[in-house]
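A closer look at the structure
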Amino acid sequence: MSQNVPKKQACFPIRVVMEMTNLTARQIRYYEEQGLIKPKRNEGNQRMFSLEDVERFHLIRSYIEKGVNIAGIKAILATSESEETKRD
DNA sequence: TTTCTTACA
DNA sequence: TGTAAGGA
């Protein structure tokens, strides 16, 4: 069994994210392509999804299920991120 | 074996 | 959104 040696942060391949978000690889790659999320890339050019990325996919998925399109989600995500840094 | 990109339906 | 081809 391959044990976990000192890991930096938890990142998962697209196949794990698919299970966690219940999305298809197509959707995950497509949403990222649309700028809904920006996962990191490893040496193999593979997407490295962290917990934060998975959580954001949950939000994206909820909007898709609500009937929101990419443009709408982009606006919502942009607003949410702005709210975080906006406080006044 | 798994993931990636591009393209078409 | 699903699937195919070709490559890493």
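Residues numbered from 1 in each chain as written. Chains lettered and ligands numbered in written order. Predicted model: local features only at pLDDT ≥ 70, side-chain atom pairs only at ≥ 80, totals over all residues. Heavy atoms only, no water.

Moving on, we get to the side chain of serine 50. Its location among the elements puts serine 50 in strand S3 (residues 47-50). When its relative accessible area of 16% is taken as the criterion, serine 50 is described as buried. In contact with serine 50, other than residues within four places in its own chain, are Ala10, Cys11 and Phe12. (Helix = DSSP H or I, 4+ residues; strand = E, 2+ residues; numbered from the N terminus. Buried < 20%, exposed > 50% of the residue type's maximum accessible area, 1.4 Å probe, protein only. Contact = heavy atoms within 4.5 Å.)

At a closest axis distance of 9 Å, the pairing of helix H1 (residues 14-21) and helix H2 (residues 25-33) adopts a crossing angle of 100°. On the basis of the axis angle, H1 is roughly perpendicular to H2. From H1, Ile14, Val17, Met18 and Thr21 reach across to H2, where they touch Ala25, Ile28 and Arg29. Here the residues of the contact of H1 with H2 sort into five nonpolar, one polar and one charged. (Axes fitted to C-alpha atoms, helices over the stretch in contact; angles between N-to-C directions. Parallel < 35°, antiparallel > 145°, perpendicular 65-115°, else oblique. Nonpolar A, V, L, I, M, F, W, Y, C, P; charged D, E, K, R; others polar.)

A few words on the confidence of the model for chain A. Considering every residue of chain A, the mean pLDDT works out to 90; 89% of them sit at 70 or more. Across chain A, the element-wise mean pLDDT spans from 89 in helix H4 (residues 70-85) up to 98 in H2. (pLDDT = per-residue confidence, 0-100.)

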